Amino acid sequence: MLKRFLLICFVGVNCLVYGQNKKPNIIFILADDLGYADVGAYGQEKILTPNIDELAKNGKLYTDFYAGAPVCAPSRSALMTGQHTGHTYIRGNKEIVPEGQEPLAANIETFVQNLKAAGYKTGAFGKWGLGMVGTTGDPLKKGFDVFYGYNCQRQSHRYYPTHLWDDEKRIDLEGNDLAHTNIYAPDLIQEKTLQFIHNNPDGPFFMYVPSVLPHAELIVPNDDIFKMYDGKFEEKPFKGNDYGPNAGVGYTSQAKPHATYAAMVTRLDRHVGQIVDALKEEGVLDNTIILFTSDNGSHREGGADPEFFNSSGPFRGNKRDVYEGGVRTPMIIQWPAKVKADTRSNHIAAFWDVAPTLLQLAGAKGMKQTDGISFVPSLLGSGKQKEHEYLYWEFHEGGGKQGLRMGDYKAIRLKAKGNPDAPIAIYHLPSDIAEKNDIAAQHPELVKKAKKIMSEGRTESAVFEW
């Protein structure tokens, strides 16, 4: 760093401090199936997350932030396209044989493409799930210069997979043949993540880190992190699809699911700390925006036990629910140069707001179509913050579910596919955060408003029929 600073001083007419007036680096860390209250900053008491908590201490914590959907593929599509699930291209988990998911179409714009056009070096490290290598949804066709990790979210059900993808090249992992467990994929992906930071110290760069932690299956190396929790909790063993001659893509059995889940969350936390340390090493932490969130609410697969850890906090539901527990997520943003430390915001925002926010901060061109509203005024604490009239979710499993956040009220419609007259429940969140008391009968005007939005606030999809 000293050599680079001296060189700038030597060749420049004015010797400016390195990094001043430069576009900010941006790192978006996306946990997989992490519950709202799975980290200490949001109330977790059994799992240690010191690095994530430090992000909150040094940045801004959002209390009312929402994922794009209650499952991964549509949630990630909402993030990338800046559109809610009534408009975004991918509205459900749709698997492609033998590997991959329904790809984003060729004409679908991601905010990453706009960052790249604005001069950002872009990299993705983790789980993609929006289009297999060579398809129109290939991450290299959606704005990323480099990609390393699981292209297919189904393959990411295994933490010791047979292979990962390095751009368009399949990387077979030596010793991982679904009969043996040799290379723990999240740790290998983390090495590539840190390498990207060290390879691009001059920036600006955008790094998307969609970690697979702590998504099921529940398995983790038997190292110092696991030993922190081994024997600490009462356990309820889980029987699954074990590694061995008959292993497929599934979840392994786990004798100690509580200790393992806790160790996976703390491992994710350690990865966050390593990212911060790498930024410090390169002298670019001050002008790097770090966002940390989760793709949906807490999960139950593979032996996970969200009740034991109070993963959803005070909220009702989990992954696959449009209740708060399925879609409300942590959101922590640290940017030492601009964001006031140790602050909180109850601004209501969602994944589709990320695109306009980051593009504004980067000085990049905005999206052609978006449901999002930039929350830069909220983040920086200056200017008037525009608010949403509503947030909308639709979920295509379980008969179809629709959810609305309308200010203090939440509207829920179940068994909604092909049934526009299905009943709508109304909850008043300030007095009923657990969404237990349906007050629709007392508020016909809210039911009428919700019904109108649920009909007119979405468009039909030829790929995901409603």
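See the structure printed just above.
Quantities reported herein were computed from a predicted structural model and do not represent experimental measurements.

### Digging into the nonpolar core
General note: in soluble globular proteins, nonpolar side chains tend to be found buried as a group. Core analysis: the biggest nonpolar cluster contains 61 residues, and Ile27, Leu279 and Phe292 have the highest contact counts within it. Taken together, the elements giving at least two residues each to this core come down to strand E1 (25-31), helix H2 (50-57), strand E4 (146-150), helix H5 (185-199), strand E7 (205-210), helix H6 (224-229), helix H7 (257-281) and strand E8 (288-294). In this structure phenylalanine 292 touches Ile29, Ala31, Leu34, Ile52, Leu55, Leu268, Val272, Pro330, Met331 and Ile332, once residues within four positions along its chain are discounted. By size, the runner-up hydrophobic cluster in this structure holds 46 residues, among which are Ile26, Phe111, Ala355 and Val376.

### Regarding the packing of aromatic side chains
The full count for this structure, using the stated rule, is 24 aromatic pairs. Counting every residue linked through ring pairs, the aromatic cluster contains Phe28, Tyr62, Phe65, Phe111, Trp128, Phe144, Phe206, Tyr208, Phe351 and Phe375. In this arrangement the basic side chain of lysine 46 is found over the ring face of phenylalanine 308, its NZ or CZ atom lying 3.6 Å from the centre. Between the NZ or CZ atom of lysine 94 and the centre of the ring of phenylalanine 464, over which it lies, the distance is 5.7 Å.

### A closer look at the pairing of strand E5 (residues 163-166)
By the bridge criterion, 2 bridges tie E4 to E5 in an arrangement that is antiparallel. The residue bridging tyrosine 148 from the neighbouring strand is aspartate 166, located in E5. The pairing of E5 with strand E6 (residues 169-172) spans 4 bridges and is classified as antiparallel. For aspartate 166, the partnering residue across the bridge sits in E6 and is lysine 169.

### Notes on empty space enclosed by the protein
Following the criterion strictly, the structure yields 2 cavities of 30 Å³ or more and no others. Along the walls of the largest cavity sit 15 residues, with Pro186, Gln190, Val209, Ser211 and His271 positioned nearest its centre. Among the secondary structure elements, those contributing two or more residues to the lining of the largest cavity are strand E3 (121-127), H5, E7 and H7. A breakdown of the residues in the lining of the largest cavity according to their chemical character gives 10 nonpolar, 5 polar and no charged.

### Notes on the packing of H2 against H7
As a packed pair, H2 and H7 sit with axes 7 Å apart at the nearest point and diverge in direction by 55 degrees. Between H2 and H7, the interaxial angle falls into the category oblique. Seen from H2, the contacting residues are Pro50, Asn51, Ile52 and Leu55; seen from H7, they are Asp269, Arg270, Val272, Gly273 and Val276. Its residues assigned to classes, the contact of H2 with H7 comprises 5 nonpolar, 2 polar and 2 charged.

### Some words on the sheet that holds strand E13 (residues 401-406)
Across the sheet, which stays open at both edges, the 4 strands sit in the order E12-E13-E14-E15 with antiparallel pairing between neighbours. In the strand order of this sheet, the two ends are held by strand E12 (391-395) and strand E15 (424-428), each with one partner. Going across the sheet, the axis of each strand differs from the next one's by a mean of 15 degrees, ignoring polarity. When E12 meets E13, the two strands line up antiparallel, connected through 5 bridges. Each residue of the ladder has a partner; that of tryptophan 393, found in E13, is glycine 403. Taken strand by strand, helix H12 (residues 444-456) contacts E12, E13, strand E14 (409-413) and E15, and its axis lies near 120 degrees from that of E13.

Parameters at a glance
- Residues numbered from 1 in each chain as written.
- Predicted model: local features only at pLDDT ≥ 70, side-chain atom pairs only at ≥ 80, totals over all residues.
- Heavy atoms only, no water.
- Core = buried A, V, L, I, M, F, W, Y, C linked by side-chain atoms within 4.5 Å.
- Buried < 20%, exposed > 50% of the residue type's maximum accessible area, 1.4 Å probe, protein only.
- Helix = DSSP H or I, 4+ residues; strand = E, 2+ residues; numbered from the N terminus.
- Contact = heavy atoms within 4.5 Å.
- Phe/Tyr/Trp six-rings, centres within 6.5 Å; stacked < 30°, edge-to-face > 60°.
- Lys NZ or Arg CZ within 6 Å of the ring centre and 35° of its normal.
- Pairing = 2+ DSSP bridges.
- 1 Å grid on protein atoms, 1.4 Å probe; cavity = no way out; pocket = protein on both sides within 12 Å on 5 of 7 lines; lining within 4 Å.
- Points joined across faces, edges and corners; volume = space filled by probe spheres on them.
- Nonpolar A, V, L, I, M, F, W, Y, C, P; charged D, E, K, R; others polar.
- Axes fitted to C-alpha atoms, helices over the stretch in contact; angles between N-to-C directions.
- Parallel < 35°, antiparallel > 145°, perpendicular 65-115°, else oblique.

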